[in-house]
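Spelled out, the chains give:
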Amino acid sequence: MDTLSYKTVSANDATVDKQWVVVDAQAAVLGRLASEVAKILRGKNKPNFTPHVDCGDNVIVINADKVRLTGKKWDEKVYVRHTGYPGGQRISTPRLLKQKSSAILVEKAVRGMLPKNRLGRKMYGNLYVYEGAEHPHEAQQPKTITL
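The name an unreviewed UniProt entry assigns to the chain is Large ribosomal subunit protein uL13, from the organism Algoriphagus kandeliae. The UniProt entry for the chain carries the following text under Function (unreviewed entry): "This protein is one of the early assembly proteins of the 50S ribosomal subunit, although it is not seen to bind rRNA by itself. It is important during the early stages of 50S assembly."

### Considerations on a positive patch on the surface
On the surface, Arg81, Arg90, Lys100, Lys108, Arg111, Arg118 and Arg121 cluster together into a positively charged patch. Along the polypeptide, Arg81 turns up in strand S3 (residues 79–82). Of the residues examined, Arg81 reaches a relative accessible area of 53% and is grouped as exposed.

### Considerations on helix H4 (residues 102–111)
Along H4, the residues classified as buried are Ser102, Ala103, Leu105, Val106, Ala109 and Val110. When H4 is viewed along its axis, its buried side chains cluster within an angular range of 155 degrees and face the same direction. Looking at the buried residues of H4, the elements they touch are helix H1 (30–42), strand S2 (58–62), helix H2 (73–76), S3, helix H3 (94–100) and strand S5 (127–129). The backbone nitrogen of Ala103 has a side-chain oxygen 3.3 Å away, supplied by the residue at the start of H4, namely Ser101.

### Some details on the pattern of salt bridges
Summed over the entire model, instances satisfying the criterion amount to five salt bridges. Here Asp57 and Lys46 are joined by a salt bridge, their closest N and O atoms 2.7 Å apart. You can see Asp57 sitting in the loop between H1 and S2 and its partner Lys46 sitting in the loop between H1 and S2, a full 11 residues away along the chain. Of the two residues, Asp57 and Lys46, both sit in the buried class.

### Observations regarding the packing of aromatic side chains
Here the distance between the centres and the angle between the planes together describe a pair of aromatic rings. A complete count under the given rule lists one aromatic pair for this structure. Plain terms: the ring middles of Trp20 and Tyr128 are 5.4 Å apart, the flat faces sit at 25 degrees to each other, and that makes the pair stacked. A residue pair is termed long-range when its members are at least 10 positions apart, and Trp20 in strand S1 (residues 20–24) and Tyr128 in strand S5 qualify at 108 residues. When its relative accessible area of 19% is taken as the criterion, Trp20 is described as buried.

### Quick notes on the side chain of Thr93
Within the secondary structure layout, Thr93 lies in the loop between strand S4 (89–92) and H3. Not counting the four nearest positions on each side in its chain, Thr93 is found in contact with Trp74, Asp75, Lys77 and Tyr79.

### Brief notes about H1
When the terminal C-alpha atoms of H1 are compared, their 18 Å separation across 13 residues agrees well with the 18 Å that a helix rising 1.5 Å per residue should span. Considered for burial, the residues of H1 that qualify are Leu30, Leu33, Ala34, Val37, Ala38, Ile40 and Leu41. Down the axis of H1, the smallest arc covering the buried residues is 160 degrees, so these residues share one side. Among the residues trailing H1, Gly43 stands out with phi positive, at a value near 95 degrees.

### Focus on the sheet that holds S1
The strand order across the open sheet formed by four strands is S5-S2-S1-S6, and the pairing between neighbours is parallel. Lying at the two open borders of the sheet, with one neighbouring strand each, are S5 and strand S6 (143–145). Pairs of neighbouring strands in the sheet enclose a mean axial angle of 25 degrees, with direction left out of account. With five bridges connecting them, S1 and S2 associate as parallel partners.

### Quick word on unusual backbone geometry
Notably, Ala27 is not glycine yet its phi reads approximately 60 degrees, a positive angle. Looking at where Ala27 falls in the secondary structure, it is placed in the loop between S1 and H1. With a phi close to 50 degrees, Gln141 is a non-glycine residue in the positive phi region. Looking at where Gln141 falls in the secondary structure, it is placed in the loop between S5 and S6. The class for Gln141 is exposed, based on a relative accessible area of 69%.

Cut-offs used in this document
Residues numbered from 1 in each chain as written. Predicted model: local features only at pLDDT ≥ 70, side-chain atom pairs only at ≥ 80, totals over all residues. Heavy atoms only, no water. UniProt positions renumbered as here; feature names shortened; annotations may be inferred. Patch = residues over 30% accessible without salt bridge, like charges linked within 9 Å, V, L, I, M, F, W, Y side chains within 5 Å. Areas by Shrake-Rupley, 256 points an atom, 1.4 Å probe, with all protein chains shown as cover. Salt bridge = Lys/Arg side-chain N within 4 Å of Asp/Glu carboxyl O. Lys, Arg positive; Asp, Glu negative; His and termini not counted. Charge placed at Lys NZ, Arg CZ, Asp CG, Glu CD. Helix = DSSP H or I, 4+ residues; strand = E, 2+ residues; numbered from the N terminus. Buried < 20%, exposed > 50% of the residue type's maximum accessible area, 1.4 Å probe, protein only. Arc of directions from axis to C-beta. Contact = heavy atoms within 4.5 Å. Polar contact = N/O pair within 3.5 Å; in protein donor to acceptor, adjacent residues only side chain to side chain. Phe/Tyr/Trp six-rings, centres within 6.5 Å; stacked < 30°, edge-to-face > 60°. Expected span 1.5 Å × (residues − 1). Pairing = 2+ DSSP bridges. Axes fitted to C-alpha atoms, helices over the stretch in contact; angles between N-to-C directions.

Below, the structure is given as structure tokens:
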């Protein structure tokens, strides 16, 4: 038997094949959409997935303003942050965040599902979220994925 056939092939920056992908968020449930987008960003859908390498694709999410939340989450789910000053705890709901920008909702959901380290921050940079159906990345010839 040839032992070379049993070698595990690990991806690195030179051998990674990064594509551009478009995901339509129209009528998609926020958490389910974010989970699938995080898998694509991480590269878990590829056969040469390597945990310590950014081998995921660049993901463009369109129609972020048409994303859904189930139940009473629009008003009862809370996002908590702290300013760093005494008494500086601030609370917001998805309805308040959507008034500012619908893209923030999708970005926060996906960011929470990525690794909390340097590699996760680099992967998050490969995410592009747009509220409407238009995006400025046509030159990359992205392929559309249905979730």
